[in-house]
Amino acid sequence: MSTLCGVAAAVTVATAPLQHQHLRTGLVLAGGLILIVVVFSLLSRRLDASHELGWALGPFLAVAALVAIDLLTHDAALTAQVFLLFPALYGASQLAPIGATLLTGASVIGELVVVLVQLPLREAVVDGSYVIAALVTSAVLLGAASQRHARTVAQLERLAAVDSLTGLATRRVLEKAAAAALSDADGDAGTSLILMDVDDFKSINDTHGHAAGDDVLVQLAGRVLALSRSGDIVCRIGGDEIAMLLPGRAEASATDRAQRIAAAVEHEPFQLADGTELAVSVSVGRAHAPAGSADLRSLYASADADLYATKHGGPARPGPREHAEDQA
């Protein structure tokens, strides 16, 4: 809004010498008034959330200033009224629907004041109808476009955060959650990570088709979610690999959870779309990091090494805690 006010102020001051003598003083005063609103708007943008009222008043003060300009200069020409479009356009493009509606309404009221005070009624009705029609139409069209853009952005953010097949969170969510959990120096229990993948998943796809593989992943996600607790983050990393982040969970808790997940998968066959019952097993790896001692890369590497050892029956590699103790 400060930019729009600045344009209005610059045009007003620049054209003052070209106006009739009796308009010049009013134009300069009006330009100064707009400059005051510009300064206020710039200052209000620096206010924090506790001063939202002051921030919100800026656009409405701009409407008042524009009306005052036209009254000071005794100018009700369309060239004087055109700047009342600015607040409405600002509201439609920058504010929530309720704010945009209020600001557009304020601009309409301002237009009515300008024409009804200074013009004969018939002329005021004609000029006001043209300006208000342009003002409201522009605000509605721009507001609709802004809302479509906002919905598109929200949908893209949701798609980036949720796996379309399983409904689990994506790796992007895992990275953000892990960064927050691992940087929490006050979390005495530390952070645990569980990784799992489906044994012989390629054989399932080759034998029963990729649709069957998708069914397995969806059902696996459901069983893992059923064993999650408040605060846990369950993500699909990619392919058939699923991760569970356990912020504030001790290593023993991660070990117990990993065993329960493996048992839950093997306990009951998976149902394919054609009615086939398919026995499925998963390999599970886990790792634990004390608070502030590891990043996601090292935590993931340790869990992946444990997963590999479990799948191939070899000895588990040391986790982040053991690495940290070795380096101490």
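Per an unreviewed UniProt entry, the protein goes by the name GGDEF domain-containing protein and belongs to Nocardioides humi.

Attention shifts here to the overall build of the protein. The secondary structure content of the protein amounts to 13 helices and 6 strands. Counting every position in the protein, which comprises 328 residues, the buried fraction comes to 41%. The contacts in the protein between residues at least 6 apart in sequence include a share of 66% that link residues at least 24 apart. When the accessible surface of the protein is split by element, carbon and sulfur atoms take 61% of a total near 17,400 Å².

Direction vectors running N to C along helix 5 (residues 85-94) and helix 6 (residues 97-118) enclose 175°, while the axes themselves pass 8 Å from each other. Taken together, the axes of helix 5 and helix 6 are roughly antiparallel relative to one another. Across the interface between the two elements, P87, A88, Y90, G91 and A92 of helix 5 pack against A100, L103, T104 and S107 of helix 6. For the contact of helix 5 with helix 6, the per-class residue count stands at 6 nonpolar, 3 polar and no charged.

Our focus in this paragraph is the UniProt feature "transmembrane region" (unreviewed entry) in the protein. In the numbering used here, UniProt assigns the feature "transmembrane region" (unreviewed entry) to residues 25-43, 55-74, 94-117 and 124-145. As a span, residues 94-117 carries 92% helix and 0% strand, and end to end its C-alpha atoms are 31 Å apart. Overall, residues 124-145 shows 100% helix and 0% strand. The separation of its end C-alpha atoms is 31 Å.

We now examine a nonpolar patch on the surface. A cluster of nonpolar side chains, namely L71, I109, V113 and V117, defines an oily patch on the protein surface of about 330 Å² accessible area. Of note, V117 is situated in helix 6. You can call V117 exposed: its relative accessible area is 57%.

In globular proteins that are soluble, nonpolar side chains generally tend to be buried together. Core analysis: the biggest nonpolar cluster contains 28 residues, and I194, V198, V216, L220 and V280 have the highest contact counts within it. Breaking this core down by element, the ones donating at least two residues are strand 1 (191-198), helix 9 (201-208), helix 10 (210-226), strand 3 (241-247), helix 11 (251-267) and strand 6 (282-289). It is helix 10 that contributes the most residues to this core, 6 residues altogether.

Now for the packing of aromatic side chains. All told, the structure shown has 1 aromatic pair when counted by the stated rule. Pairing F83 with F86 gives two aromatic rings, centres 5.3 Å apart and planes at 55°, and the pair type is tilted. For F86, a relative accessible area of 19% puts it in the buried group. The ring of Y300 carries R171 above its face, with NZ or CZ at 5.1 Å from the centroid. When the ring centre of F270 is taken as reference, the NZ or CZ atom of R223 above it lies at 3.9 Å.

Basis of the calculations
- Residues numbered from 1 in each chain as written.
- Predicted model: local features only at pLDDT ≥ 70, side-chain atom pairs only at ≥ 80, totals over all residues.
- Heavy atoms only, no water.
- Helix = DSSP H or I, 4+ residues; strand = E, 2+ residues; numbered from the N terminus.
- Buried < 20%, exposed > 50% of the residue type's maximum accessible area, 1.4 Å probe, protein only.
- Contact = heavy atoms within 4.5 Å.
- Areas by Shrake-Rupley, 256 points an atom, 1.4 Å probe, with all protein chains shown as cover.
- Axes fitted to C-alpha atoms, helices over the stretch in contact; angles between N-to-C directions.
- Parallel < 35°, antiparallel > 145°, perpendicular 65-115°, else oblique.
- Nonpolar A, V, L, I, M, F, W, Y, C, P; charged D, E, K, R; others polar.
- UniProt positions renumbered as here; feature names shortened; annotations may be inferred.
- Patch = residues over 30% accessible without salt bridge, like charges linked within 9 Å, V, L, I, M, F, W, Y side chains within 5 Å.
- Salt bridge = Lys/Arg side-chain N within 4 Å of Asp/Glu carboxyl O.
- Core = buried A, V, L, I, M, F, W, Y, C linked by side-chain atoms within 4.5 Å.
- Phe/Tyr/Trp six-rings, centres within 6.5 Å; stacked < 30°, edge-to-face > 60°.
- Lys NZ or Arg CZ within 6 Å of the ring centre and 35° of its normal.

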